[in-house]
Each structure stands twice: as structure tokens, then as C-alpha cells.
Amino acid sequence: MLDHPWSLIAAATCAAWLTSPAPAEDWPQWMGPQRNGVWNETGLIQEFAADGPVVKWRVPVAGGYSGPAVAAGKVYLTDYLRESGEAFNNPGQRAELKGKERVLCFDAATGKELWKYEYDCPYKISYPAGPRATPTVHGGKVYTLGAEGRLTCLDAESGQEIWSQELAAAYKTEAPIWGFASHPLVDGDRLILLVGGEGSVAVAFHKDTGKEIWKALSATEPGYAPPIIIEAAGKRQLLIWHPQSINSLNPETGESYWSVPLEPQYGMSIMAPQKSGNSLFASGIGDAAAMLELKTDAPGAEVVWRGVAKTAVYCANSTPLIEDGVIYGADCRSGGLRGVDLKTGERLWESFAPTTGERRGGHGTAFLVKNGDRHLIFSETGDLIMARLSKSGYDEISRAHILEPTAECFGRNVVWSHPAFADRCVFARNDKELVCVSLAKSPEKQ
């Protein structure tokens with residue numbers, strides 16, 4: 001799903017990245033170098049010109065909810081080239097299609113296609129536009145996860161296959177109804193993602209060979225949430241949220257540290273749990289939300305509050321950000337962007353301007369990125385918005401329409417794909433094209 005993508009996560013980072021940030025100009029995985037939705041670039045425009053931003057290039061692509069990844073002057077994107085079958089969107093029914101999943105590589109400066117890798121991939125999933133998981137670029141390799149569970153490692157320069165696995169067959173499972181969506185995470189020599197099957201909800205593969213290192217956890221289904229690494233109680237902890245509970249594991253061995261129940265409806269554990277200080281927040285559809293206090297003496301967590309009617313924010317397609325004690329996230333029921341007090345769950349404000357456009361809509365979506373003292377928000381309407389978010393409310397600075405919404409959800413057109421920010425540009429996709437828009441103060445005219 002988006003962020004799951006479902007739309008409804010180059011992954012975070014290897015241990016070296018955790019202590020030594022990747023170059024700010026690259027966006028090698030879902031939500032950026034550190035998987036935290038922060039872009040440290042400077043020299044950017046402070047508002048859009050009246051005639052809009054400079055579009056550096058547009059290139060045609062096919063369907064998908066996966067976002068682009070940008071590294072070393074190249075853009076990597078996955079899509080689905082449908083050949084037959086009816087691609088209807090029904091949240092309770094799987095569509096059956098035939099086609100090819102593709103990994104595309106473009107020159108970041110010009111949009112020129114550099115290479116393409118493709119394979120036959122019949123679909124039997126709901127919302128079948130294409131792949132969900134954003135490519136992960138690390139150490140000269142590109143890791144992609146297809147909607148039906150094809151895990152592939154490619155040479156980043158040439159596109160040559162290094163290794164691949166069909167996860168559904170290997171682990172005796174099937175794609176969740178909305179497809180495999182967990183953005184792969186690189187941690188040391190490990191490539192970690194959600195798979196499914198008995199004892200293998202989370203699996204760590206050797207990133208260079210694809211050989212299994214460890215597997216852990218059982219659940220009714222794997223869910224869609226990306227794995228993330230946090231540090232608490234003096235230990236690095238791998239967080240895995242499947243539809244029954246949030247789990248902390250030793251990332252080197254898969255050993256369990258702690259588990260706290262959190263059960264969203266329809267198996268829709270999608271957002272990545274977010275840490276702020278010793279607080280950890282996660283939420284999903286069906287008023288499933290929890291703020292946990294992480295223990296400091298040994299790995300562990302205790303529930304501080306759980307969401308109830310008229311409290312919290314219940315996120316789906318996009319992962320919220322936490323700043324200065326406020327959770328900023330798009331609510332899956334109302335469709336509005338909310339500010340919520342982290343310590344209490346109290347709703348502080350709600351706005352539909354950065355999501356559906358001043359009207360309620362189920363699963364209204366906005367992708368949030370922090371840049372300096374403001375936020376860059378990519379709306380499901382295809383608008384890129386500059387705004388300031390605070391405890392007191394949503395303050396819009398400027399917006400520009402950069403992409404047409406081409407997907408359908410609940411009778412409205414949407415874009416449900418997290419953009420990438422690199423080289424003082426934004427890279428965004430829909431089901432028809434990938435666009436590069438300059439955000440530099442003095443962009444070179446194309």
C-alpha cells in the first residue's frame with residue numbers, strides 16, 4: 001500500500017547509515033536516507049512561482065503504488081505492464097491479471113532510460129495497479145519486492161540480476177489481499193522484510209546472496225508495515241508490526257525482545273511505528289492506535305494510551321511524522337490531516353486542504369517530508385504543498401499541481417505513491433508518468 005503503499009520502505013539503513021547519514025542529495029529508499037521523512041537539502045525555493053515550478057522532465061511509466069528511489073544520479077522505479085484482465089478496484093475482491101512487473105532505471109538529470117529489468121507476473125490481488133514497495137538502493141545493488149512476492153537483487157549500474165526469490169512459493173504463503181508491500185530494509189549484511197507463513201512473518205536474507213539468515217514470528221497474515229530499526233535501552237531493536245501486534249526483535253538473530261497487541265481491521269498494519277524520545281506510536285483503521293513508552297533499563301514497552309472515538313489519528317496509506325510532541329498524520333476514516341498530542345492522544349486540529357482538498361474522503365492521503373522549518377506535502381490530488389505544521393494548526397505557504405491523479409479510490413481520482421526528494425528536485429509518479437520537478441532557487445531552464 002502506498003506507504004505501503006497502498007498506494008494504499010534502499011531501506012533504512014544499514015548500521016553505518018544510522019551513525020553516518022547518507023548524502024542529503026540522495027533518496028535511496030522509502031522516506032529517505034534514514035527512513036524518517038527528513039530532507040536536509042538547502043538552496044530551495046521558498047514558494048512556487050505564479051506559473052508553477054520548472055519541470056525538468058517527464059517520462060512514461062506504467063501502473064504502481066511504489067515510490068521512486070534516487071541514488072548516485074539514477075532514479076529507480078517499479079511498475080506493472082498489464083497485458084490482460086480487468087483491473088478493477090474492489091477492497092474485498094482480488095482482480096486476476098496477466099502482465100509483467102518491471103524495474104526501470106533513469107538518468108536523474110535527463111530522464112533518459114538507462115536499463116530495464118522485467119519478468120512475467122500474474123496478479124491476483126486487490127487494487128492491482130502495480131508494485132507497492134519502493135526500491136532500496138544500497139552498496140551498488142537495487143532490491144525490489146513485487147506485489148506477488150518476487151524479491152530481486154539487481155546490479156544498480158547495469159540492471160543485471162544478482163539473485164531473486166519467489167517468496168510465496170519459498171515460504172508456503174500467498175500475497176496478502178493488497179499485495180506484498182513491505183519496503184525492504186538493509187541492516188548490515190541483512191535484507192529484512194515481511195514475508196508470511198508459519199514462523200516467517202519477518203525474514204532476514206543475506207543481502208549479497210539471498211540466503212536466509214533468520215526468520216521469526218507467526219501471525220494470521222503478515223500485514224504491510226515496513227520494518228524499521230530503533231535504539232532503546234541501549235540496544236538496536238527491529239520493529240515488526242503485523243496485524244496482531246507490534247514486535248521488537250534483535251535484528252542480528254530475530255530473537256524476540258517484546259510484543260504489544262495492536263490489531264487494526266482487515267489486517268491493515270501499514271504505517272511504520274514512529275519513535276520520538278522514549279515514545280512509540282502506531283495506528284491503523286478501526287480505531288486501533290497506541291502510544292507506548294519504551295523502557296530504558298532493558299528492552300520493553302508499556303502502553304500509555306490507546307485510541308478511542310474522537311481521539312488519536314488512524315493512519316493507513318502514509319506514515320505520520322512526530323515533532324515537538326505532536327503527531328501529524330492523515331486519518332484513514334475522515335481523510336483529513338490531523339495534529340494530535342503525543343502524550344495524551346488529544347486531537348488538536350484537522351484540515352482537508354493537504355489531503356482530499358477541503359472535503360472528507362475515506363483514506364484521504366498526504367505524504368509528509370520535513371525540510372528545515374517547513375514541511376513538503378505531496379497530496380493525493382497531485383499537488384506539492386509547502387506548509388508549516390505546528391500544535392496550533394496547518395499553515396499553507398504555497399502549492400503547485402505537478403501530477404495528475406490517475407488511480408481511483410471510492411469514486412475519486414488519487415495519487416497514492418510517496419515521492420522522492422533529491423538533487424534539489426522532487427520525483428513523483430502516477431500510473432502514467434514519472435516527473436522530475438526542480439525545487440532549486442535558480443533552476444536551470446530545460
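For the structure, check the block above.
Before going into details, it helps to say that this report is about the structure given with it. (Residues numbered from 1 in each chain as written. Predicted model: local features only at pLDDT ≥ 70, side-chain atom pairs only at ≥ 80, totals over all residues. Heavy atoms only, no water.)

**Topic: the environment of Ala 204**
- The topology assignment puts Ala 204 in strand S13 (residues 202–206).
- Ala 204 gets classed as buried once you look at its relative accessible area, which sits at 0%.
- Considered as a pair, Ala 204 and Ser 392 are 188 residues apart in the sequence and their alpha carbons are 42 Å apart.
- Among all residues touching Ala 204, those that are not within four sequence positions of it are Arg 190, Leu 191, Ile 192, Lys 211, Glu 212, Ile 213 and Trp 214. (Helix = DSSP H or I, 4+ residues; strand = E, 2+ residues; numbered from the N terminus. Buried < 20%, exposed > 50% of the residue type's maximum accessible area, 1.4 Å probe, protein only. Contact = heavy atoms within 4.5 Å.)

**What about the sheet that holds strand S26 (residues 347–351)?**
- Read across the sheet, four strands follow the order S23-S24-S25-S26 without closing on themselves; strand pairing throughout is antiparallel. Edge strands, defined here as strands with exactly one partner in the open sheet, are strand S23 (321–323) and S26. Sheet twist, expressed as the mean angle between neighbouring strand axes with direction ignored, is 20°.
- Looking at chain direction, strand S24 (residues 326–330) and strand S25 (residues 337–341) are connected through five bridges and run antiparallel. Bridged to Ile 327 within S25 is Val 340. (Pairing = 2+ DSSP bridges. Axes fitted to C-alpha atoms, helices over the stretch in contact; angles between N-to-C directions.)

**A word on the pairing of strand S22 (residues 301–306)**
- Sheet topology note: the strand S21 (residues 288–294)/S22 ladder contains five bridges and is antiparallel. Across the sheet, Met 291 pairs through a bridge with Trp 305, a residue of S22.
- Connecting S21 to the next strand, S22, in antiparallel fashion are six residues.

**A short note on the packing of aromatic side chains**
- Applying the stated criterion to the full structure yields eleven aromatic pairs.
- Taken together, a centroid distance of 6.4 Å and an interplanar angle of 50° make the contact between Tyr 143 and Trp 163 tilted. In this pair, Tyr 143 sits in strand S8 (residues 141–145) while Trp 163 sits in strand S10 (residues 161–166), placing the two residues 20 residues apart along the sequence.
- For Tyr 143, a relative accessible area of 0% translates into the label buried.
- Since its relative accessible area comes to 6%, Trp 163 is described here as buried.
- Ring centres of Phe 281 and Trp 305 lie 6.0 Å apart, and the angle between their planes is 45°; on these two criteria the pair is classed as tilted. One end of the pair, Phe 281, is in strand S20 (residues 279–284); the other, Trp 305, is in strand S22, and 24 residues separate them in sequence. For the pair Phe 281 and Trp 305, one class covers both residues: buried.
- An aromatic cluster of three or more residues is present, and its members are Trp 27, Trp 39 and Phe 421.
- Just above the ring of Tyr 119 sits the side chain of Arg 150; from NZ or CZ to the centre is 4.3 Å. (Phe/Tyr/Trp six-rings, centres within 6.5 Å; stacked < 30°, edge-to-face > 60°. Lys NZ or Arg CZ within 6 Å of the ring centre and 35° of its normal.)

**Notes on the nonpolar core**
- Ranked by size, the top nonpolar core spans 60 residues in total, and within it Trp 258, Phe 281, Leu 292, Ile 327, Ile 377 and Tyr 394 carry the most contacts.
- What Ile 327 contacts, discounting residues up to four positions off in sequence, is Phe 281, Trp 305, Val 313, Pro 320, Leu 321, Ile 322, Arg 338, Gly 339, Val 340 and Leu 342.
- In terms of nonpolar packing, the next biggest core, distinct from the first, is built from 36 residues, Ala 400, Phe 421, Val 435 and Cys 436 among them. (Core = buried A, V, L, I, M, F, W, Y, C linked by side-chain atoms within 4.5 Å.)

Just geometry here; none of it tells us what the structure is for.
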